[in-house]
Amino acid sequence: MCGIVGYIGAKPVKKILIDGLRELEYRGYDSAGIAVLQQGGFSLFKAVGKLINLEEKAKEFESNGFSVGIGHTRWATHGKPTELNAHPHLGQNSYVVHNGIIENYQELKAMLTAQGAQFLSQTDTEVIVHLFEHHLKTAASAFEAFRQTLARLEGAYAVLLVNGSVPDTIFFAKHGSPMIIGRNTDNDVLFGSSDAALIGKCNEVIYLEDGHYGYASSDEVALFDAQDREVVLRYVPLSDNKLSAQKEGYRFFMEKEIYEQSTVLADTLMGRLRDRSIYFEEIDPSLFEGINEIKLCACGTSYHAALVASYLFERHAHIRTSVEIASEFRYRDPFLTSDTLFVVISQSGETADTLESLKMAKKSGLKTMVICNVDNSSMVRLADASILTRAGIEKGVASTKAFATQVSVLWMLSLYLGETRKTLPATEIERQIQLLRTLPSTVAVDPATHEQLRRLSKRYLHGHGFFFIGRDVFYPLALEGALKLKEISYLHAEGYPSGEMKHGPIALADPELFTIALLPQHKLYDKTKSNIEELSARDSTICSISPLDFDKADDHIRTRAQDDYMLEFFEMMVVLQLLSMEIAIRLGNDVDMPRNLAKSVTVE
Ligand code: F6R
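Quick notes on the rules
Residues numbered from 1 in each chain as written. Predicted model: local features only at pLDDT ≥ 70, side-chain atom pairs only at ≥ 80, totals over all residues. Heavy atoms only, no water. Helix = DSSP H or I, 4+ residues; strand = E, 2+ residues; numbered from the N terminus. Rg over C-alpha atoms; globule rule 2.2 N^0.38 Å. Contact = heavy atoms within 4.5 Å. Areas by Shrake-Rupley, 256 points an atom, 1.4 Å probe, with all protein chains shown as cover. Lys, Arg positive; Asp, Glu negative; His and termini not counted. Charge placed at Lys NZ, Arg CZ, Asp CG, Glu CD. Pairing = 2+ DSSP bridges. Axes fitted to C-alpha atoms, helices over the stretch in contact; angles between N-to-C directions. Salt bridge = Lys/Arg side-chain N within 4 Å of Asp/Glu carboxyl O. Buried < 20%, exposed > 50% of the residue type's maximum accessible area, 1.4 Å probe, protein only. Parallel < 35°, antiparallel > 145°, perpendicular 65-115°, else oblique. Left-handed = near helix turned anticlockwise from the far one by under 90°. Expected span 1.5 Å × (residues − 1). Near = heavy atom within 4 Å. Polar contact = N/O pair within 3.5 Å; in protein donor to acceptor, adjacent residues only side chain to side chain. Domains from an automatic or database assignment.

**What to know about the overall build of the chain**
Okay, step 1: What the chain contains, in helices and strands, is 19 helices and 24 strands.
Okay, step 2: Compactness check: the chain gives a C-alpha radius of gyration of 25 Å against a globular reference of 25 Å for 604 residues, within 12% of the reference.
Okay, step 3: Taking the principal axes of the C-alpha coordinates as reference, the chain spans close to 80 × 55 × 45 Å.
Okay, step 4: Within the chain, contacts between residues at least 6 apart in sequence are counted, and of these 71% link residues at least 24 apart.
Okay, step 5: Accessible area of the chain: about 23500 Å², with a carbon and sulfur share of 49%.
Okay, step 6: If the 62 positive side-chain charges of the chain are averaged to one point and the 79 negative ones to another, these points end up 2 Å apart.

Have a look at this one:
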């Protein structure tokens with residue numbers, strides 16, 4: 001995902017900017033650029049691909065004394081990953097870098113073009129710099145023009161802007177996308193979209209809040225809030241320990257990644273939700289021509305995401321959908337027909353079994369697609385088409401945010417197919433798009449629920465096993481909940497369809513059998529409730545998760561009332577992730593690096 005750095009000071013600016021961008025590389029990007037304002041003139045360098053290409057482009061540049069610089073790594077959303085679309089974007093005498101999305105950019109672009117602005121890129125970002133220069137013509141100062149610009153932007157953004165008429169200044173703003181200001185004892189001022197970019201360069205930082213904006217020079221930092229009131233600067237120390245700083249105060253990467261789901265889901269949805277349709281820039285609709293079946297193939301958590309998709313694809317797009325565990329698919333002499341679209345799902349894009357399955361499908365002449373979190377991974381390079389999940393790097397071995405983004409992409413894809421195959425009414429697509437828009441707030445961790453789970457976890461450290469149960473898409477979620485728990489707690493856990501328990505597993509029921517029951521309000525509530533009651537009657541210890549009260553449970557985790565079962569799915573997903581993590585922490589396990597597991601499984 002995109003990254004931002006900024007620098008004001010007398011040190012070698014190119015190195016500071018590129019080093020800062022390198023610390024943000026883990027978020028993924030497809031182009032990068034820097035703009036430096038020094039001795040009254042701008043120097044601009046941009047390159048597609050890795051930072052080494054940018055370094056090559058800028059190799060002749062040597063800074064000399066005081067300068068102001070901004071830099072960016074871009075993950076394409078509006079417009080392809082080209083140099084023209086890479087940031088910083090130029091107006092007449094200003095440059096801007098931006099993370100997030102400007103939702104009203106088309107309207108602003110039309111207005112600015114009519115007034116003579118020349119747009120060079122396909123990005124939403126470029127409107128910011130032209131809008132700024134438009135206001136600069138009449139505003140009392142450059143800062144006033146910046147303030148007027150922000151007032152007209154809709155959407156989410158973190159922005160740095162520099163203008164030739166104020167060569168010692170960076171204008172900055174944060175609204176829904178992170179931005180941090182840092183300083184050091186040499187009087188340098190730095191900016192970063194994550195503190196990873198600032199570690200070792202600053203000793204104090206301010207984490208800006210939504211609505212904050214202002215200007216900075218080496219003499220002064222002025223900060224304002226959304227009501228235009230000046231804010232007192234409150235710097236906090238920045239740790240120089242990279243690992244602990246990268247955890248941003250969380251105990252484990254897994255915890256940070258659970259909390260991050262709100263942001264990465266917003267990133268994953270960005271640019272893909274139109275008012276009445278889903279838009280995947282990377283997908284050519286001809287991919288689906290002549291396709292009568294979809295075969296999904298994956299391993300582990302990604303396999304669970306595939307199972308969720310099988311419900312959604314058949315329900316929304318009326319297309320036959322099957323799901324394969326990659327290690328089984330490879331050796332079972334599958335019968336494949338050319339009207340099948342073969343879709344692999346993989347966080348890493350490198351999992352050996354999934355990759356080999358993809359190769360097999362290609363060899364059999366099937367059209368292929370990958371849903372993946374890593375651009376340029378082996379699967380992305382091999383498949384005919386790819387959709388990237390934009391979860392950013394996932395460090396915890398137990399997958400959390402990658403799963404959330406996979407399911408959100410698959411949900412969007414089911415609506416896309418529902419529209420192209422004319423199986424979903426327009427009103428239903430519109431309704432579900434509205435639901436998708438609320439995903440970032442749906443997965444935001446409720447501190448009270450987290451605290452309840454932390455307290456509750458002490459009751460679930462023993463017993464002879466866990467059953468996670470659910471129906472419909474809550475069945476794959478139950479599988480995923482059980483996988484999370486066993487991976488990091490080393491306790492035995494199984495996921496089961498609620499209705500299947502009475503066909504055998506219920507024989508295990510006793511007080512030492514823990515049942516984690518997913519009881520959504522909007523999907524098969526009564527059926528699931530009866531299944532849980534059957535277990536409760538046989539004295540299994542029940543922990544139910546539901547927005548509705550359930551008096552047969554020993555413990556009850558109350559989720560928020562949601563408008564739809566898919567939102568209940570995402571909220572319950574967070575509950576299961578936190579519950580596993582809290583149990584594992586109580587057991588004293590290394591949550592981020594569980595025994596015997598590797599993050600990327602590149603062996604059979
Ligand atoms: C579980 C987990 C694994 C992976 C599996 C596939 O938390 O992370 O089950 O989902 O190894 O990996 P990818 O998605 O990289 O193909």
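Now that the structure is up, let's keep going.
**Here we look at the sheet that holds strand β13 (residues 221-224)**
Okay, step 1: Taken in spatial order, the six strands line up as β5-β6-β7-β8-β12-β13 in an open sheet, and their pairing is antiparallel. Taken across any chain shown, the strands that pair with only one partner, and hence form the sheet edges, are β5 (89-90) and β13.
Okay, step 2: The pairing of β5 with strand β6 (residues 94-102) spans two bridges and is antiparallel. Its bridge partner lying in β6, His-89 is registered against Val-96.
Okay, step 3: Sitting on the sheet, helix α4 (residues 126-136) is in contact with β5, β6, β7 (155-163) and β8 (170-175), with an inclination near 125 degrees to β6.

**With respect to the pattern of salt bridges**
Okay, step 1: This structure, assessed with the given rule, holds 36 salt bridges.
Okay, step 2: In this structure, the salt-bridge partner of Lys-11 is Asp-186, at a minimum N-O distance of 2.7 Å. With Lys-11 in the loop between β1 (3-9) and α1 (13-24) and Asp-186 in the loop between β9 (180-183) and β10 (189-192), this pair connects stretches of sequence that are 175 residues apart.
Okay, step 3: According to the relative accessible area criterion, Lys-11 is partly exposed, its value standing at 28%.
Okay, step 4: For Asp-186, a relative accessible area of 48% corresponds to the partly exposed category.
Okay, step 5: With a closest N to O distance of 3.0 Å, Glu-428 and Arg-431 form a salt bridge. Taken together, the residues Glu-428 and Arg-431, both in helix α14 (residues 426-437) and three residues apart, mark about one turn of the helix.
Okay, step 6: Using a relative accessible area of 21% as the deciding quantity, one classes Glu-428 as partly exposed.
Okay, step 7: Judged by its relative accessible area of 33%, Arg-431 falls in the partly exposed class.

**Looking at the packing of helix α3 (residues 105-114) against α4**
Okay, step 1: Closest axis-to-axis distance for the α3/α4 pair is 10 Å, and the angle between their directions is 45 degrees. For the element pair α3 / α4, the angle class is oblique. Both α3 and α4 take part in a crossing whose hand is left-handed. Of the residues in α4, those in contact with Tyr-105, Leu-108, Lys-109, Met-111 and Leu-112 of α3 are Val-127, His-130, Leu-131 and His-134.

**Looking at helix α9 (residues 300-317)**
The α-helix advances 3.6 residues per turn, and as a result positions three or four apart in sequence lie on the same side.
Okay, step 1: Taking 1.5 Å as the rise per residue, α9 with 18 residues should run 26 Å; its terminal C-alpha atoms sit 25 Å apart, in good agreement.
Okay, step 2: In terms of burial, α9 is a largely internal element, 14 of the 18 residues being buried.
Okay, step 3: One or two residues past the end of α9 sits His-318, with phi positive at roughly 50 degrees.

**Digging into the site of the ligand**
Okay, step 1: Close to the ligand lie 14 residues, the nearest being Ser-302, Ser-346, Gln-347, Ser-348 and Thr-351.
Okay, step 2: A distance of 2.5 Å separates an oxygen atom of the ligand from a polar side-chain atom of Ser-302.
Okay, step 3: Side-chain polar atom of Ser-346 to an oxygen atom of the ligand: 2.6 Å apart, as the coordinates give it.
Okay, step 4: If the ligand stood free it would expose 400 Å²; the protein chains cover 90% of that surface.

**Re the domain arrangement of the chain**
Okay, step 1: Here the chain is described as being made up of domain 1 (3-240), domain 2 (245-443) and domain 3 (445-604).
Okay, step 2: Computed from C-alpha coordinates alone, the two centres of domain 1 and domain 3 are separated by 44 Å.

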